[in-house]
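Take a look at the letters that make up each chain.
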Amino acid sequence: MCIRDRDGTVTETSIANLAVVRDGQIYSPPAERVLGGVTQSVTESLAQQADIPWIKQAITASQLQSADEVLMMGTDGGVWYVNSVDGTPVADGQPGAVYESIRDRFDEFVGISVK
């Protein structure tokens, strides 16, 4: 379940920060509108290392539903992708290129060896 602000923009979920990917760029709500997350901070740094632009701006429900990718970030799960929003697949329901790049870097950062 996503949390919406009074203006209807999407901010976060009850367990994770979220971001949308459009045209190879990551968008997340402004810092003053969400609870800061350590995992999101790490993910932002990893995106910067990968030269993936990260833009802080309000995210509308329609932007969430039409995103190329939707990322979730939280202590329990690290970084994961969203395969559908309100029952509609995000892209083809599979992980996208930005997620794959971030996830590989995240796994390396936390010392997970994936074969």
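Reading guide: rules and limits
- Sequence order as written defines residue numbering, which begins from 1 separately in each chain.
- Owing to the predicted nature of the model, reporting of local features is limited to residues with pLDDT of at least 70; listing and counting of side-chain atom pairs is limited to 80 or more, with chain, interface and lining totals taken over all residues.
- Working from all heavy atoms in the structure, the side-chain values ignore hydrogens and water.
- Here a pair means two rings of Phe, Tyr or Trp (six-membered ring of Trp) with centres within 6.5 Å. Their orientation is stacked below 30 degrees between planes, edge-to-face above 60, and tilted elsewhere.
- Sitting over a ring, as applied to charges here, requires NZ of Lys or CZ of Arg to be within 6 Å of the ring centre and within 35 degrees of the ring normal.
- The secondary structure listing takes helices from DSSP runs of H or I that are at least 4 residues long and strands from runs of E that are at least 2 residues long, numbered from the N terminus.
- For a helix, the expected span equals 1.5 Å multiplied by the residue count minus one.
- Accessible area is worked out with a 1.4 Å probe on protein chains only. A residue is then buried under 20% of its type maximum, exposed over 50%, and partly exposed in between.
- What the arc describes is the spread of directions from the helix axis to the C-beta atoms.
- Any pair of residues with heavy atoms lying within 4.5 Å of one another is described as a contacting pair.
- Structural elements are reduced to axes, namely lines fitted to C-alpha atoms, with helices fitted over the stretch in contact, and the angle between N-to-C directions of any two is expressed from 0 to 180 degrees.
- Handedness of each helix crossing follows the sense of rotation of the near helix against the far helix: counterclockwise by less than a right angle gives left-handed, clockwise gives right-handed.

With respect to the packing of aromatic side chains
Then step 1. Taken as a whole and judged by the stated rule, the model has one aromatic pair.
Then step 2. Above the face of the tyrosine 27 ring, arginine 22 is positioned so that its terminal group lies 4.1 Å from the ring centre.

Observations concerning helix 1 (residues 38-49)
Helical geometry note: an α-helix holds 3.6 residues per turn, so side chains three or four residues apart project in the same direction.
Then step 1. In a regular helix each residue adds 1.5 Å, so 12 residues correspond to 16 Å; helix 1 covers 17 Å between its end C-alpha atoms and thus fits that length.
Then step 2. For helix 1, every residue scored as buried is listed here: Thr39, Gln40, Val42, Thr43, Leu46 and Ala47. Down the axis, helix 1 shows its buried residues gathered within 160° of arc, on one side only. Along helix 1, exposed side chains directed more than 90 degrees from the buried face belong to Val38, Gln48 and Gln49.
Then step 3. On its buried face, helix 1 sits against strand 3 (17-22), strand 4 (25-28), strand 5 (54-56), strand 6 (69-74), strand 7 (78-81) and helix 3 (97-110).
Then step 4. Backbone geometry just after helix 1 places aspartate 51 at a positive phi near 60°.

Quick notes on the packing of helix 1 against helix 3
Then step 1. Contact geometry of helix 1 with helix 3 gives a least axis separation of 10 Å together with a crossing angle of 115°. Seen along the crossing, helix 1 lies across helix 3 with a hand that is right-handed. Between helix 1 and helix 3, the residues in contact are Thr39, Val42, Thr43, Leu46 and Ala47 and Ile102, Arg105, Phe106 and Phe109, respectively.

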